[in-house]
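Now for the letters of each chain:
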Amino acid sequence: MPPGPGRQGRPAREEGTGRPGPDDSPRRRPAPPDPFELPRFDAPRGRDQRNPADEGRRRPRPDGERARPEGERARREGLRPEGERVRREREGERVRPRGAALRRDPGGRFPPGGGRKPPPPRPPQPPKPPLVLRLGNPRRRIKIGLIGMTFVLSIFAGRLIQMQGLDSKVYEAAAADQRVRTEEIPAKRGAVTDVNGHPLALTVEAREIAVDPSKVPADKRAQVAATLAKELGKPEQEIAAKLARTDSRYQLIAKDVDPLVADRVLKAKPPLPAVTTKKQYKRVYPAGDLAGSVIGFVGDDGVGLTGIEQAKNALLAGRDGEQRVEIGRDGERIPMTRSQRKAPADGRDVRLTIDRDIQWAAQKAVAEQVAATGADSGTVIVMDVETAQIIAMANSPELDLNNWRKAPEEQYVNRAAAEVFEPGSTNKVITAAAAIEAGVVRPDTVFSVPYRIRCADRMLSDAHPHPTEKMTFQEAMEQSSNTATVQAAKKVGSQRLHAMLRAFGFGARPGGGVPGAEAGLLPDYRQWSGSQSCTVAYGQGVSVTALQMASVYQTIANGGVRVEPQIVAGATDGTGRFVPAAPGRQTRVISESTAKAITAMLEGAVSAEGTGQAAAIPGYRVAGKTGTANRYDPQLGRYHGYTASFVGFSPADAPRLVVLAVLQNPKQGHFGGQIAAPVFKDVMTFAIKSKKIPPSGATRAAG
């Protein structure tokens, strides 16, 4: 084919340059590029920096053809910048060599896209070589492993140092707590005795019986329950229910068991599995209800709850000991192991001033009279004149100490020291003492005694109607005249009368260690109403206890010297030696002459002309006073019923004993001379015989 316009004058192609001819060998495909190698861009060359090799490949332009700019020529020839070309070659795209002319379609037009044909489909790529994991340096791994092991071992070493070094004592103590058990060794509680050493409360050995249900075979539970029920006197169903609790290691079957009974249980045939006994002590009261509310009782924990048991608990209880033993897995003691024992200190014995025989006589007399009169309750107190020691303190009804759980709670209270009441005419001796001490009245002072007398807004009267008559003050005391006593009180004045009542112990606890003693009620004289300033003179409007009233007559019988009442004679020391208690504090209240004058008045009250003749004792001079007072009922909130009383001492010429008898709310009779004086006589008669007190030898046997 003849050469076209563009092919004329083209110089011969040099070998290795330009477009390959048909005779040339196929062009070698370049090696695939390294994906991690960045593309290389050559710096653009200037006109003066052209490659001489390119000059030989540049075809000459025909004459008259002007040179086109480089960019236009590149567009015409479909060339792209170097970076794009490199990218396309790397992606496997077929790229037109530089200098190749664009081909036109048959119409003489360039094909779309710069005349390029769509690239043919890519030939299948060879499979990529497998990814080879390049291993790291083993030294590095070894170093990391050693560091980790060192860290872990340092933690273990630190913990080991802490356990065996720093906290060794803590873990040692924890281990000891697991295998060492502390057993309490109970101290033996001291005894309570009467003044002659007869036991009123004592402690004896007993046993506690328990069982471990987890160790009792199921086929033997019935036999164990039947045997225990028979020996201990308990319901078989109750014991069987405890044996069925196999999730428990300890079930208490019985306490306070007699040691002989406990031995029979342990030696039963066939043997009883998992049954154990433990030594303990129990409190017993040999005399039953004798001075029950005075002595009191202890609870299940061995602590005194009432009476002397509570007041002297620290002295009686002693100090428990303990024993530390090592135990095994089954709770059994490990033999031949260490054992620490702290011996217990037994309690001290407490001796009371109570005489058992006189206490029995007092309880018997008051209980019989309470039953005979239908009274709610009764009280008797026997006191030594010189020492104010309480020889008997009886209440009815009395508390049975061996069955205290079944008794009503009101029996827990020692009424002789805690129950307050308005004393009535027994209080007139204080008015008489105040009047004689003040010098406003003498025993022979004559009063005009009416049946009624006005005091403020009230009319006060004697117990029995009588016409207005002349009486000496001593005769008025013998007849227990209220109106005469009011006249004497007006001469004394409220302030001095209040001071005398306070001096005799009203409004204050008597002291001396009597448990449960109350202070009574003595209002300030400035708070007395108009009528109260008169009624206090004969024992209404003021409240006392039986113990306080007995102390008043002890003061008069002792020549005007008051001694604090005592009920504790002493206690034993650590060696068992008896140490007597300190004597009661003494206080002079009235002069001896005044005390003798009042004693003479009280003797007349027991004479045939007096109100207390039922208290007379043949062969002994008796001085005493009856009392009949309206009784305030706290449940009703008003006065209802009476309080009948009698209190006196004998022998009147050389007083040794004081006896007081009080009956609350009697239904058969209510005058003190009728129902309380006989109780006084019975108790005083027994007491003076028990104490072997000789008769007075006076011609006036009854006073």
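It should be noted that the structure appears before, not after, this text.
Here is a short report on the structure shown in this document. (Residues numbered from 1 in each chain as written. Predicted model: local features only at pLDDT ≥ 70, side-chain atom pairs only at ≥ 80, totals over all residues. Heavy atoms only, no water.)

Right, let's get into the overall build of the protein. Within the protein one finds 22 helices and 23 strands. Looking at the protein as a whole, 40% of its 703 residues qualify as buried. Here the analysis covers contacts within the protein between residues at least 6 apart in sequence; of these, 70% occur between residues at least 24 apart. Per element, the accessible surface of the protein, about 40500 Å² overall, is 52% carbon and sulfur. (Helix = DSSP H or I, 4+ residues; strand = E, 2+ residues; numbered from the N terminus. Buried < 20%, exposed > 50% of the residue type's maximum accessible area, 1.4 Å probe, protein only. Contact = heavy atoms within 4.5 Å. Areas by Shrake-Rupley, 256 points an atom, 1.4 Å probe, with all protein chains shown as cover.)

This part takes up the sheet that holds strand 10 (residues 390–396). Overall, antiparallel pairing links the 5 strands, which are arranged 10-9-23-22-21 in an open sheet. Strand pairing shows two members of the sheet lacking a second neighbour, strand 10 and strand 21 (623–633), which therefore form its edges. Each strand of the sheet is rotated relative to its neighbour by a mean of 10 degrees, with strand direction disregarded. Alignment of strand 21 against strand 22 (residues 638–650), held across 10 bridges, turns out to be antiparallel. Opposite Ala623, over in strand 22, you have Phe649 as the bridge partner. Against the sheet, helix 20 (residues 592–605) touches strand 21 and strand 22, its axis set at about 80 degrees to strand 21. The strands that helix 22 (residues 677–690) touches are strand 9 (377–384), strand 22 and strand 23 (657–664); relative to strand 23, the one it contacts most, it runs at about 150 degrees. (Pairing = 2+ DSSP bridges. Axes fitted to C-alpha atoms, helices over the stretch in contact; angles between N-to-C directions.)

As a further point, take the packing of aromatic side chains. Evaluated as defined, the whole model comprises 7 aromatic pairs. Between Phe447 and Phe473, the aromatic rings sit 5.8 Å apart at their centres with planes inclined by 55 degrees, giving tilted as the arrangement. One end of the pair, Phe447, is in strand 12 (residues 446–449); the other, Phe473, is in helix 15 (residues 473–478), and 26 residues separate them in sequence. Comparing Phe447 with Phe473 shows no difference in burial state: the two are buried. Between Tyr632 and Tyr639, the aromatic rings sit 5.6 Å apart at their centres with planes inclined by 80 degrees, giving edge-to-face as the arrangement. Ring pairs connect the aromatic residues Phe297, Trp404 and Tyr412, which therefore count as one cluster. Over the face of the ring belonging to Phe578 we find Arg351, whose NZ or CZ atom lies 3.8 Å from the ring centre. (Phe/Tyr/Trp six-rings, centres within 6.5 Å; stacked < 30°, edge-to-face > 60°. Lys NZ or Arg CZ within 6 Å of the ring centre and 35° of its normal.)

Turning our attention to a nonpolar patch on the surface. On the surface, a nonpolar cluster with roughly 860 Å² of combined accessible area is contributed by Ile142, Leu146, Met149, Phe151, Val152, Leu153, Ile155 and Phe156. Positionally, Val152 belongs in helix 4 (residues 138–166). (Patch = residues over 30% accessible without salt bridge, like charges linked within 9 Å, V, L, I, M, F, W, Y side chains within 5 Å. Salt bridge = Lys/Arg side-chain N within 4 Å of Asp/Glu carboxyl O.)

Taking 1.5 Å per residue as the helical rise, helix 6 (residues 221–232) with its 12 residues ought to reach 16 Å, and the 16 Å between its terminal C-alpha atoms agrees with that figure. For helix 6, every residue scored as buried is listed here: Val224, Ala225, Leu228, Ala229 and Leu232. Projected onto a plane normal to the axis of helix 6, the buried residues spread over an arc of 125 degrees and lie on a single side. In helix 6, those exposed residues whose orientation departs by more than 90 degrees from the buried face are Ala222 and Lys230. (Expected span 1.5 Å × (residues − 1). Arc of directions from axis to C-beta.)

Time to look at the state of the cysteines. Evaluation of the coordinates by the stated rule reveals 1 disulfide. Here Cys455 engages in a disulfide with Cys534; their sulfurs sit 1.8 Å apart. Where Cys455 bonds to Cys534 through sulfur, the torsion about that S-S bond is close to 75 degrees, and the disulfide is right-handed. One end of the pair, Cys455, is in strand 13 (residues 452–455); the other, Cys534, is in helix 18 (residues 532–535), with 79 residues separating them in the sequence. You can call Cys455 buried: its relative accessible area is 4%. Here Cys534 falls in the buried class, since its relative accessible area comes to 3%. (Disulfide = S-S within 2.5 Å.)

Direction vectors running N to C along helix 6 and helix 8 (residues 259–266) enclose 160 degrees, while the axes themselves pass 10 Å from each other. As far as their axial angle goes, helix 8 and helix 6 are roughly antiparallel. The element helix 6 and its partner helix 8 pack so that their crossing is right-handed. Taken together, the residues of helix 8 that come into contact with helix 6 (itself represented by Leu228, Glu231 and Leu232) are Val261, Arg264 and Val265. Residue composition of the contact of helix 6 with helix 8, grouped by class: 4 nonpolar, no polar and 2 charged. (Parallel < 35°, antiparallel > 145°, perpendicular 65-115°, else oblique. Left-handed = near helix turned anticlockwise from the far one by under 90°. Nonpolar A, V, L, I, M, F, W, Y, C, P; charged D, E, K, R; others polar.)

As a further point, take the pattern of salt bridges. Applying the stated criterion to the full structure yields 18 salt bridges. With a shortest N-O distance of 2.2 Å, Asp300 and Arg405 are connected by a salt bridge. Pair noted here: Asp300 is in the loop between helix 9 (292–295) and helix 10 (307–311) and Arg405 is in the loop between strand 10 and helix 13 (415–418), with a separation of 105 residues, a long-range link. By relative accessible area, Arg405 is classed as exposed at 54%. Taken together, the shared-partner salt bridges in this structure form one network comprising Arg189, Arg283 and Glu309.

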